[in-house]
Amino acid sequence: MTVTTLTHLPGQSRRGERLLIGLAVSLSLLFIAAPLAFIFARAFSRGWEVYAANILHPMTLHAIWLTTITAIIVVPLNVAFGIAAAWAVAKHRFPGRGILVTMIEIPFSISPIIAGICYLLLYGRQGLLGPWLQANDLQVMFALPGIVLVTMFVTAPFVAREVLPLMQAQGTEQEEAAVTLGANGWQIFTRVTLPNIKWALLYGAVLCTARAVGEFGGVSVVSGNIRGQTNTLPLHVELLFNDLNAVGAFAAASTLTLIAIVALLVKAVLEGRKAG
Amino acid sequence: MTIPFIRTALVAAALAASPAAAQDSLLNTSYDVARELFEALNPVFADHWQETTGRTITIDMSHGGSSRQARAILEGLRADIVTFNQETDIDVLAAGGLLSADWRDALPNGASPWYSLPAFLVRDGNPLNIQDWDDLARADVSVIFPNPRTSGNARYTYLAAFAYALEQNDGDEDAAEAFVRAIFDNVPVFDTGGRGATQTFAERNIGDVLVTFEAETGGIAAAYADQGLERITPSVSLFAAFPVAVVSEVAERNGTSELATAYLEWLYTEDAQRIVAQNYYRVADEGVSAEFADQLPDVRLVTVDDVFGGWDAIQENHFAEGARLDNVFVNQ
Amino acid sequence: MSTATFDPPIRAKRVLPGFTLSLGTTLLYLTLIVLIPVAALILKGAEIGPDRFWRIISSPRAVAAFQITLTAAAIATVFNAVYGLLMAWVLVRYDFPGKRLLDALMDVPFALPTAVAGLSLTALFSANGWFGTVLHPAGIPVVYTIWGIAMAMAFTSVPFVVRTVQPVLEDMDPALEQAAVTLGARPWAIFSRVVFPAILPAWLAGCTTAFARSLGEFGAIVFIAGNLPFKTEIAALLAYIRLEEFDYNGAAAIALVLLGFALILLLVSNLLQFWASRYHEVSR
């Protein structure tokens, strides 16, 4: 923070600094911290026992389980994809590299609803692959595979986006040195590249997990909303809300909020590591 | 707290991970406002099934607008049984080859174990004095009901209003259409399911009157007792049958045909009918009907067959593309 | 897209192994997960035919939905442009107690599921929520209005601005400002003449991404919008409703328009980021 002193000009600038900090803090408290706090306030508005009963309801537990399973499948695949994409783009030169980078980012700007629609048009009973899936007795939509696929779409860029800039910045010298020393590809990756990117990789995985756990719109299109079967935690929040059980909805929402907070804590720790 | 938590989590995990248990689980795909009804029915049936066969079962539920659900099944949602609020939505499944076209003959009362009717729910004290269908067409009244393209509930509302207007206008269909259109013009939002419409009315405080099944108005008035919402029964309404069927293609594949049929047959028993009546539905069982007579006001009911000449004619004259519903539902 | 042109020429011999494997995996994953489904949408769109396509997207309700979405996203982006810049500035330039917490708070919208955010914002601003009890009697309804939509969009997209501007601000060469101070420039002049031009490309790129994200946002909005056609119905929701009506053509057409917007904005953002990185190198 060597620059800090710069803006400390005499007189009004001090006041300006205080004003800006005050503004930033109060806006953030109202705009971001309050919604966060409100979730817990509502979830516990009828006391611990009601809260515990809501969380321990078998349907809520199942939603938690389904969401966990989805994340467990999606995140490792996404990590593998992120590493592969970053390795290909950062360590090699080939035509169309820029297009590839843009393609990786497509899911970021597409509405998850659109992603869900795409999948339904492809895998639905009346979709392009529908008849074939039907003939082979394969269920993709309204079942776990559909939920997993849409979540993979939505989270695709997360790991690649974190790892890619780092790999690019680190260049290829270390790896090339390893090659001249006779290391094979796997050895280069595990001994040279991985140690350099591990914190960014974990960081990307954490963000990816948070997103995978929280996906709503896309999953909503392909889920079929079967209670205790294809109802993920965010969908369960909506379902409880429509069951006229607002406190239950906030209780389910509080579990998602806790996951988000844990993810942020892990991220803060990782950022410290990344910097250090 | 931790041990029961772990145990329930394990049970939940087992349920998710083992399609092998499919034999003893049933997916009931139902209409939107039936949430509380099946919440009450299913555990009782599960006990009954355990007593008679010694087997434990789980019944999974999916709720949404009835037509939306039918189309989700056409898209591959593997429902063993459907409990809908409109016969055409089951006919759609029959046309798609998922069940037999004569499904109505499989169970008593044309396969409808209970019925209801479109009725009104108004704000505390009925400030706009809404009593009958013609009040819904008044310019100062804001009306809430769901989207007739996705919700059977809303199509009954459309048909009931149409039937009322036919009576008022000596059977002049164009005049009736104009009347219904005036009502539709008073609707600010069409949710995709009946419960969404209820949320709009009760939670979001939008609209002066909610038109939905009498069963829902009863349940909601009770659930939102603090708002003082009042139930209003119009002078005439439409007999709304709630048909049920086994989706035979899916049930055969899942090996659940026997269980599915038993479940639907059980819905006609006195025990089940009492639970249904407790949820403000009207039932065929006379003994049970008498028990709940005071929560169900007298109303003159007309039927789809009497007024419109059956569902096929309705489909052709009203719901087909470019038919009367399209003329009325212009705000879409 | 633009970066490709500035890459050095392809090397004659690849030194590092794993090129085929990594590129193959990447392409396979992208093709299966992203490209084929998107292609299915485009195929469906092509099936509709231009006349019908135009009729669907120019219907009054669809036009209203696009307008509402764009307007709300614009409001949200303007708010975030200011608020995000303020946050980035405060977090980089000042030291104060609780700074790290404030910094972590900026990631909440990324980590918190959007549906949860929507549920909470709705309850917070509805007549009996913490803020609603103040705002409602004052005659400022937020919930079920376009302001509610804009707020939900702003909430979910603010990190895009903060996190794009922050690193650029951190890396700025202090010598430039130092020089300006020695020349007797006032703080505002320093900011507008020296700092702002340097962060402009990044700031614009962040705003573009935030805008794109706002256009596609769904989960946070469905709770707070009230979803009234012609008033508070967003385009993504209309596509969803069309899907529920099993009007696939309607859903696909609206989805394609949104897809088009998204791709254009992605392109703009990438161009801006490229500009930003070049500016960055020049200014070093």
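Residues numbered from 1 in each chain as written. Chains lettered and ligands numbered in written order. Predicted model: local features only at pLDDT ≥ 70, side-chain atom pairs only at ≥ 80, totals over all residues.

Let's talk about the overall build of chain B
We count it as follows: Secondary structure is summarised from DSSP: a helix means a run of H or I of at least four residues, a strand means a run of E of at least two, and numbering begins at the N terminus for each. The size measure is the radius of gyration over C-alpha atoms, and the globule rule it meets is 2.2 Å times the number of residues to the 0.38 power. Our exposure labels follow a C-beta count within 10 Å of each residue's own C-beta, placed from the backbone: buried means 20 or more other C-beta atoms, exposed means 12 or fewer, and partly exposed covers the counts in between. Working definition of a contact: two residues with C-beta atoms, positioned from the backbone, lying within 7 Å.
Looking only at helices and strands, chain B features 17 helices and 13 strands. In terms of overall dimensions, chain B is globule-like: its C-alpha atoms have a radius of gyration of 20 Å, near the 20 Å expected for 332 residues. Taking the principal axes of its C-alpha atoms as reference, chain B extends roughly 60 × 45 × 40 Å. Looking at chain B as a whole, 49% of its 332 residues are labelled buried. Considering only contacts in chain B between residues 6 or more positions apart, those separated by 24 or more positions represent 74%.

Considering the interface of chain A and chain B
Heads up, the rule is: In this classification, the charged set is Asp, Glu, Lys and Arg, the nonpolar set is Ala, Val, Leu, Ile, Met, Phe, Trp, Tyr, Cys and Pro, and all remaining amino acids, among them Gly, are polar.
Opposite the 23 residues of chain A that make contact, chain B presents 23 residues. Among the elements that make up the side of chain A that touches chain B, the one with the highest residue count is helix H3 (residues 58-91) of chain A (six residues). The class makeup of the residues in the side of chain A that touches chain B is 11 nonpolar, nine polar and three charged.

Quick look at the nonpolar core
Where we set the bar: To count as a nonpolar core, a set of buried Ala, Val, Leu, Ile, Met, Phe, Trp, Tyr and Cys residues must be joined through C-beta atoms within 7 Å.
Counting 280 residues, the largest nonpolar core has Ile117(A), Ile81(B), Val247(B), Ala239(C), Ala255(C) and Leu258(C) as the members making the most contacts within it. The element that contributes the greatest number of residues to this core is H3(A), accounting for 18 residues.

Some points on the interface of chain A and chain C
The partner chain C presents 81 residues to the 88 residues of chain A that form the contact. Per-element accounting of the side of chain A that touches chain C gives the leading share, 19 residues, to helix H1 (residues 12-43) of chain A. For the side of chain A that touches chain C, the class distribution of residues is 61 nonpolar, 17 polar and 10 charged.

Here's the deal with the pairing of strand S5 (residues 118-122) of chain B
Both faces of the sheet carry side chains from a regular strand, because those side chains alternate between them. All names here are of chain B. Note the cut-off: Pairing between two strands is assigned when DSSP locates at least 2 bridges connecting them.
The element S5 is largely enclosed, with a buried count of five among its five residues. When S5 meets strand S7 (residues 209-213), the two strands line up antiparallel, connected through five bridges. Bridge pairing in S7 places Leu121 opposite Leu210. Bridge count for S5 against strand S8 (residues 230-232) is three bridges, and the pairing is antiparallel.

Let's talk about the sheet that holds strand S11 (residues 244-246) of chain B
The strands that make up a sheet are held in pairs by hydrogen bonds between backbone atoms, and each pair lies either parallel or antiparallel. All names here are of chain B. For the record, the criterion: Axis lines are fitted through C-alpha atoms, for helices just across the contact stretch, and the angle between N-to-C directions can take any value from 0 to 180 degrees.
Taken in spatial order, the four strands of this open sheet run S2-S1-S3-S11, and their pairing is mixed. The open sheet terminates on both sides in strands that have one partner only, identified here as strand S2 (58-63) and S11. This sheet shows a mean twist of 20° between the axes of neighbouring strands, independent of strand direction. Where strand S3 (residues 81-83) lies against S11, three bridges are found, and the strand directions are antiparallel. Across the sheet, residue Thr83 finds its bridge partner in S11, namely Val244. The sheet strands contacting helix H2 (residues 35-53) are strand S1 (25-30) and S2, and the helix crosses S2 at an angle near 170°.

What to know about the domain arrangement of chain B
Residue and element names in this part refer to chain B. In plain terms, the rule: Residue ranges for the domains trace back to a domain assignment, done automatically or taken from a database.
What the domain assignment reports for chain B is domain 1 (2-115 + 241-295) and domain 2 (118-238 + 299-328). Contact with domain 1, which involves 21 residues of that partner, is made by 21 residues of domain 2. For the side of domain 1 that touches domain 2, the element with the most residues is helix H4 (residues 87-95), which contributes four residues. When the residues that make up the side of domain 1 that touches domain 2 are grouped by side-chain class, the tally is five nonpolar, nine polar and seven charged.

Thoughts on the packing of helix H12 (residues 233-242) of chain A against helix H6 (residues 114-125) of chain C
This is how it is decided: Any angle that falls under 35 degrees is termed roughly parallel, while one over 145 is termed roughly antiparallel, one within 65 to 115 roughly perpendicular, and all others oblique.
Remark: H12(A) packs on H6(C), axes separated minimally by 8 Å, with the N-to-C direction vectors making an angle of 30°. Here H12(A) is positioned roughly parallel relative to H6(C), judged by the angle of their axes. The segment H12(A) lies against H6(C), with Pro234(A), Val237(A), Glu238(A) and Phe241(A) engaging Ala115(C), Val116(C) and Leu119(C). Tallied by class, residues from the contact of H12(A) with H6(C) come to six nonpolar, no polar and one charged.

Digging into the environment of Pro201(C)
Here Pro201(C) lies in helix H10 (residues 187-216). Sequence-wise, Pro201(C) and His136(C) are 65 residues apart; in three dimensions their C-alpha atoms are separated by 39 Å.

Observations concerning the sheet that holds S5(B)
Residues and elements named next belong to chain B. The strand order S6-S7-S5-S8 describes an open sheet built from four strands, whose pairing is mixed. Each of the sheet's edge strands pairs with one partner strand only, and the pair in question is strand S6 (143-144) and S8. Along the sheet, helix H10 (residues 214-223) makes contact with S5, S7 and S8, crossing S5 at roughly 25°.

Thoughts on the domain arrangement of chain C
All names here are of chain C. When the domains of chain C are assigned, the result is domain 1 (14-48) and domain 2 (50-283). Of note, the centres of domain 1 and domain 2, computed from C-alpha atoms alone, are 29 Å apart. With four residues of domain 1 in contact, the opposing surface of domain 2 contributes nine residues. Here the residues of the side of domain 1 that touches domain 2 are counted per class, giving two nonpolar, one polar and one charged.

Side note on helix H4 (residues 97-109) of chain A
Rules: Here the expected length of a helix is defined as 1.5 Å per residue gap, with one fewer gap than residues.
Between the first and last C-alpha of H4(A) there are 19 Å, a value that for 13 residues agrees with the 18 Å anticipated at 1.5 Å per step. Among all positions in H4(A), only Leu100(A), Met103(A), Ile104(A), Ile106(A), Pro107(A), Phe108(A) and Ser109(A) are buried.

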